[in-house]
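One-letter residues, chain by chain:
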Amino acid sequence: MLGGMTHTSVAAYAAPAPKAPLERTTVPRRELGAHDILIDIKFAGICHSDIHTVRAEWGDGGNFPIVPGHEIAGVVSATGSEVTRYQVGDRVGVGCFVDSCRTCDNCRAGLEQYCTGELGTVNTYNDTDRNGEATYGGYATHVVVDENYALRIPDALPLDAAAPLLCAGITLYSPLAHWQAGPGKKVAVVGLGGLGHMGVKIAHAMGAEVTVLSQSLRKKDDGLRLGADHYYATSDPATFEALAGTFDLIVNTVSANLDMGAYLGLLRTNGTLVQLGVPEQPLPIAPFALIGGRRSIAGSLIGGIAETQEMLDFCAEHGLTSEIEVISADRINEAYERVLASDVRYRFVIDTSTI
Ligand SMILES: [Zn+2]
Ligand SMILES: [Zn+2]
């Protein structure tokens, strides 16, 4: 029994134990509460965080079985009695979290991802909801979510290529908007992967002059096609001389331990480096790299619900989606290996009708 509530079983792909391959199973979804919507999931993106989590690489153990997936796109198939925002048939998405305390200063300010209340931000999977039940993510046929934590996917965006916007898209949109990427600003995107390629598209659409800093020039043609104005290889020391003091903003999507001093040296006075990737080890920083030039180093985590909706509307307006490879559910484990080998351009999306 699960807390005395009634549930429906839905088909899903789950990791039964740390590092175990994902396999088909069923997980419970709660019956619709008054403010809940039932979503018939159509597509779920594969985020690098999914892989870290099922491999228990982020130190918090994990509550197995884990159904990953926080880039969810689907269609509303039922609504609770008091739902006002959505109707059956609406195209909707769910991102990295499905609830928060709703009363702390951050929740009231639309910064639910930084909820400081007792409940905290309830992650879409591998977390515990306000009823004390495990949350299961989007590698599944259906999900039940409070209408206030769902997003509307504009008609202009195809559901498959929109799914990755719910994590990769907002992860880049939020810092680019917060640090005001736009006309006259020089923005560098470090790494051209699932996150970075969205950074290039969004920063370009915002009007910034965009430079990709990638280990090699292997994806240069892609980068320029996606909207970058310049593309440099960071394996070439001349890059750091040529670009010294250039950027207003650097968004670092790489999870490896980069030489922070070298990258901080690329910022102009008052510039900011925003760290988005999460290396396993701390990043050493020489204070003078910050002091000389009043530079900042900052972090940013996804975005709030209102900002995520703003991002989806922005992407619809500018025709932005993720570059994707759609796969059937039986290829999830193979896709994980390919993500780890950086062999994807640029996001795998699961067709959940194959679960
Ligand atoms: Zn993610
Ligand atoms: Zn809160």
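Residues numbered from 1 in each chain as written. Chains lettered and ligands numbered in written order. Predicted model: local features only at pLDDT ≥ 70, side-chain atom pairs only at ≥ 80, totals over all residues. Heavy atoms only, no water.

If you had to explain the domain arrangement of the protein to someone new, which residues and values would you point to?
Domains assigned within the protein are domain 1 (7-167 + 322-354) and domain 2 (168-299). Summarising the inter-unit geometry, the C-alpha centres of domain 1 and domain 2 are found 28 Å apart. With 11 residues of domain 1 in contact, the opposing surface of domain 2 contributes 15 residues. Of the roughly 1200 Å² buried where domain 1 meets domain 2, counting both sides, 45% is carbon and sulfur surface. Interface area lost by domain 1 to domain 2 is led by Glu323, Arg345 and Tyr346, which between them contribute 45%. Counting every contact that joins domain 1 to domain 2 gives three salt bridges. (Domains from an automatic or database assignment. Contact = heavy atoms within 4.5 Å. Buried area = accessible area lost by both parts, 1.4 Å probe. Salt bridge = Lys/Arg side-chain N within 4 Å of Asp/Glu carboxyl O.)

Could you give an account of the environment of Phe97, with specific residues and numbers?
For Phe97, the location among the structural elements is in strand β6 (residues 97-99). On the basis of relative accessible area, Phe97 is assigned to the buried category, the value being 5%. In sequence terms Phe97 and Thr135 are 38 residues apart; their C-alpha atoms lie 9.7 Å from each other. Leaving out residues up to four positions away in the same chain, Phe97 has contacts with Glu112, Gln113, Thr121, Val122, Asn123, Thr124, Tyr149, Ile302, Gly303, Gly304 and Ile305. (Helix = DSSP H or I, 4+ residues; strand = E, 2+ residues; numbered from the N terminus. Buried < 20%, exposed > 50% of the residue type's maximum accessible area, 1.4 Å probe, protein only.)

Could you give an account of the coordination of the zinc ion (ligand 1), naming the residues involved and the relevant values?
Around the zinc ion (ligand 1), the protein contributes the donor atoms Cys47 (SG), His70 (NE2) and Cys167 (SG), which lie 2.0 to 2.2 Å from the metal centre. Every donor residue of the zinc ion (ligand 1) comes from the same chain, spaced as C-x22-H-x96-C. Of this pair, Cys47 sits in the loop between β3 (36-45) and α1 (48-54) while His70 sits in the loop between α1 and β4 (72-79), and the two are 23 residues apart along the sequence. When sorted by exposure, Cys47 lands in the same class as His70, which is buried. (Donors = N, O, S within 2.8 Å, 3.2 Å for Na, K, Ca; no water.)

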